[in-house]
Amino acid sequence: MGRFIIRRIIGFIPVLFTVALFTFVLVRAIPGGPFDFQGDRALPPQITANINAKYHLDWPTHMQFLSYLVGDDVVARVFGGIYAETAGESRGLIRGDLGPSLRYQSQSVNDIVSGTFPISFQLGLLALTIGLLIGLPAGVIAALKQNTWLDYSATFIAVLGVSVPSMVLGPLFIWLISVKLGLLPAATWGTKPPFLLGFFPSNLDWDFWSHAILPAMALGIGMSASIARLTRASLLQVIREDYIRTARAKGLQERVVITIHALKNSLIPVVTIIGPLFAAVVTGSFIVEQIFGIGGMGKHFVTSIGNRDYPLIMGATLVYTLILIVANLLVDVAYAWLDPRIRYD
Amino acid sequence: MATVSLTPGTPSILSQKPRSLWRESFRRLLRNKAAVIGGIFIILLALGAVFANVIAPFDYAEQDLLLNNAVPDYLMWAMPAGAEGYARITDKFPLGADSLGRDVLSRTIYGARVSLAVAFFAATVSLLIGTIYGTISGYAGGRVDNLMMRVVDFLYGFPFLIIVILLQTYLKAFARRGAEGVFASKILEINDSMGGMLLLFIAIGLVNWIGMARIARGQVLSLKQKEFIEAAHSMGSGDLRIIGRHLIPNILGPLIVFETLAIPGYIFTEAFLSFIGLGVDPPTASWGIMISEAVQGIRSYPLQTLVPAIALSLTTLAFNFLGDGLRDAFDPRMAE
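Small disclaimer: the values here were computed from a predicted structure and weren't measured.

Novice: Lay out the overall build of chain B in plain terms, naming residues and giving numbers.
Specialist: Summing up its helical and strand segments, chain B has 14 helices and 2 strands in all. The buried share among the 336 residues of chain B stands at 40%. Sequence separation of at least 24 residues holds for 73% of the intrachain contacts in chain B that already meet a minimum separation of 6.

Here it is as structure tokens:
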């Protein structure tokens, strides 16, 4: 297992490299640069040239990419010439430096990511928790009480839940709970940097929860519906297996049969969709953050493309890619735990 | 020798029309009420989208700037407390007007065009590419299969949303700048006349064939060992004929079911891209654009957001009902 994880983590490198290369080339192929202001805000050509030189935007694209990967000090030392004229601005991706932001002067991409990513992370984690807390029990109850009113209403609500996107749930919650009933605040996030351990909210008080409930529900309810549907279908299949009949035949209590024998095996397909669901959280977080005015990373991702803030686009893309592939790895590890027949070595 | 007469009206098992798998599935589908309602809703919506210029009371781009943010009297209950103080109350627009004075109902009807067109074209593109790719991979087997599936696995690990966003930014930037070549400018011309929809189809369709390819391959792998394929081989059928006449017709059912269940995802993707400004070009009406334009003012004018939001949800709900019904109909073991 340990070797499998290590092998997979090594496998991250080509994926991250390909994503970086693809994004780098594509972003630079988009017409328009970061400092091409129009009309009154247009810069004199000399100033544009100086700025472009500072950020190496006048280098050939492949040299820019190399400098992004290994740092411009290394490029200067190896290639010399015009590449040595500018001072070392970035230390390169391999040394964990995502470079300077072109739009937010004096901030590095590392600063922006570490200031905003934890908020998106907290939102996503809460949404996933809500999804599991509602989805698993609902699916189990629906399967155990198959073809009763409990099953029908749970199934119906679940179809409703997967059909209503967070883009709709968010405004609906704001309208109903914040505007009409005035119960919870409709905007912003209830905790600020510095974060606990760099990721977690430092104040778990009412201020945090009252701001977190609505956006987390808007993201988590769709997830809980998918989880409930899958749990129900999978548990219904498992319950008909021979080994469940055997367990009942040897006189085990129904509670034990369900919790020990049936539930664990029925979770396997459920775990499979947590990977794709995590990707959906990422999508949803762009929208939910915008609807609720939360200062997470979603906003930067969308606006940085419009601003042609190349390093910020790269940073956001790589962070999201990393999250997705780590989520997929965790899913595979969970597989092996749930189903001992699966071996990775 | 006794002859069996097969005249019409003979109560013989032989005279009954043979029930094909498709016909049987269709009968099961008709018994599922939710699926039938979903199907009827989609047909009505499609008719509404096609005849939008006849049904809609106004054009989607027609503005009445003096009546922006108008609210009809009978919907005042949905407005926040104190709305009487600031809202323009008029019955000119059945569901009110948006911040630019355009009729919300008409724009919602026109918005169905975009959502359904995306659903249809993205589904067709991904079905076409996915089926061909997956069938070839599964049928060829061996080293070819291995290589083709490695490519799919690799692409599967990619963050697709980001790629769609980048692709769409790239395509749109080129569309704004205008193209040089004959082919490219023709494409941009079509895209313009469709309000920016063509690029959207390409972007969404190009990234969604991967799941379909995996399913098609799995189906082919389980079918190609069957006796009827062996029989076709022994009768001297070529590979193309076996794929075209025997394999694809048999895997098409499950693939269409999966595709129907994937359609809500395509509709969401369009709405999402339009929401962040990378979808269709304004003033084309799309539910995603309508929600994104109205959501800033949701505290004062909630209706402008809620109307397209409800339309979007009902449509995906209908597709989910229909998809579930199709799945149950094609695979009766799931229904029980």
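Picking up where we left off.
Novice: Residue-level account of the overall build of chain A, with values.
Specialist: In terms of helices and strands, chain A carries 12 helices and 0 strands. Secondary structure elements in chain A, listed N-terminal to C-terminal, are α-α-α-α-α-α-α-α-α-α-α-α. For the C-alpha atoms alone, the extent of chain A along its principal axes is close to 85 × 55 × 35 Å. Scored against the burial criterion, the 345 residues of chain A give a buried share of 37%. The long-range share in chain A, meaning contacts at least 24 apart out of those at least 6 apart in sequence, stands at 70%.

Novice: Quick rundown of the interface of chain A and chain B? Include the residues and the values.
Specialist: The interface of chain A with chain B comprises 38 residues on the first partner and 33 residues on the second. Those elements that provide at least two residues to the side of chain A that touches chain B are helix H1 (2-29), helix H6 (149-163), helix H7 (166-180), helix H10 (254-291), helix H11 (297-307) and helix H12 (310-338) of chain A. It is H7 of chain A that contributes the most residues to the side of chain A that touches chain B, 8 residues altogether. Of the residues assigned to the side of chain A that touches chain B, the class counts are 30 nonpolar, 7 polar and 1 charged.

Novice: Lay out the packing of H6 of chain A against helix H8 (residues 206-239) of chain A in plain terms, naming residues and giving numbers.
Specialist: All names here are of chain A. Taken N-terminus to C-terminus, the directions of H6 and H8 make an angle of 135°; their axes are 8 Å apart at the nearest point. Taken as axis vectors, H6 and H8 run oblique relative to one another. Where H6 crosses over H8, the handedness of that crossing is left-handed. Counted together, Ala-154, Ala-158, Gly-161 and Val-162 of H6 and Ile-221, Gly-222, Ser-224, Ala-225, Ser-226, Ala-228 and Arg-229 of H8 form the full contact between these two elements.

Novice: Account for unusual backbone geometry, naming residues and giving values.
Specialist: Residue and element names in this part refer to chain A. One non-glycine residue, His-56, lies in positive phi territory at about 60°. Assignment of secondary structure puts His-56 in the loop between helix H2 (45-54) and helix H3 (61-70). Its identity as a non-glycine residue notwithstanding, Arg-308 has a phi of 55°, on the positive side. Its location among the elements puts Arg-308 in the loop between H11 and H12.

Novice: Any chance you could break down the nonpolar core for me, citing the residues and the numbers?
Specialist: In terms of nonpolar packing, the biggest core is built from 152 residues, with Val-118 and Leu-200 of chain B touching the most fellow members. The element best represented in this core is H8 of chain A, accounting for 14 residues. In contact with Val-118 of chain B, not counting residues within four places along its chain, are Leu-200, Phe-201, Ile-204, Tyr-266, Ile-267 and Glu-270 of chain B.

Novice: Explain the environment of Thr-284 of chain B residue by residue, including any values.
Specialist: Residues and elements named next belong to chain B. Among the secondary structure elements, Thr-284 is positioned in the loop between helix H11 (239-275) and helix H12 (287-294). In this structure Thr-284 comes out as buried when scored by C-beta crowding, with 20 C-beta atoms within 10 Å. Taking the C-alpha atoms as reference points, Thr-284 and Gly-134, separated by 150 residues in sequence, lie 36 Å from one another.

Novice: Please give an account of the confidence of the model for chain A that cites residues and values.
Specialist: Segments scoring low in pLDDT should not have their predicted coordinates read at a detailed level. When pLDDT is averaged along chain A, the result is 81; 94% of the residues meet or exceed 70. Summarising per-element confidence for chain A, the mean pLDDT is lowest in helix H4 (residues 72-79) of chain A (77) and highest in helix H5 (residues 109-144) of chain A (87).

Novice: Please give an account of the packing of H5 of chain A against H11 of chain A that cites residues and values.
Specialist: All names here are of chain A. Taken N-terminus to C-terminus, the directions of H5 and H11 make an angle of 125°; their axes are 7 Å apart at the nearest point. One finds that H5 runs oblique with respect to H11. Contacts between H5 and H11 involve Ile-112, Val-113, Thr-116, Phe-117 and Ser-120 from the first element and Met-297, Gly-298 and His-300 from the second. By residue class, the composition of the contact of H5 with H11 is 4 nonpolar, 4 polar and no charged.

Novice: Please give an account of helix H13 (residues 303-330) of chain B that cites residues and values.
Specialist: When the terminal C-alpha atoms of H13 of chain B are compared, their 40 Å separation across 28 residues agrees well with the 40 Å that a helix rising 1.5 Å per residue should span. Within H13 of chain B, 24 of the 28 residues are buried, leaving the element largely enclosed by the surrounding structure.

Novice: Run through the environment of Phe-51 of chain B, naming residues and quoting values.
Specialist: Position of Phe-51 of chain B relative to the elements: it lies in the loop between helix H2 (33-50) and helix H3 (52-55). Through-space distance from the C-alpha of Phe-51 of chain B to that of Arg-113 of chain B is 9.6 Å; in sequence the pair is 62 residues apart.

Novice: How would you sum up the confidence of the model for chain B? Please name residues and give values.
Specialist: Residues and elements named next belong to chain B. Per-residue confidence for chain B averages 78 on the pLDDT scale, and 86% of its residues sit at or above 70. For chain B, per-element mean pLDDT is lowest for helix H14 (residues 332-335), which scores 49, and highest for H2, which scores 87. Among the scores for the predicted complex, ipTM is 0.75 and pTM is 0.78.

Thresholds, definitions, all that
Residues numbered from 1 in each chain as written. Chains lettered and ligands numbered in written order. Predicted model: local features only at pLDDT ≥ 70, side-chain atom pairs only at ≥ 80, totals over all residues. Helix = DSSP H or I, 4+ residues; strand = E, 2+ residues; numbered from the N terminus. Buried ≥ 20, exposed ≤ 12 C-beta atoms within 10 Å, placed from the backbone. Contact = placed C-beta atoms within 7 Å. Nonpolar A, V, L, I, M, F, W, Y, C, P; charged D, E, K, R; others polar. Axes fitted to C-alpha atoms, helices over the stretch in contact; angles between N-to-C directions. Parallel < 35°, antiparallel > 145°, perpendicular 65-115°, else oblique. Left-handed = near helix turned anticlockwise from the far one by under 90°. Core = buried A, V, L, I, M, F, W, Y, C linked by C-beta atoms within 7 Å. pLDDT = per-residue confidence, 0-100. Expected span 1.5 Å × (residues − 1).

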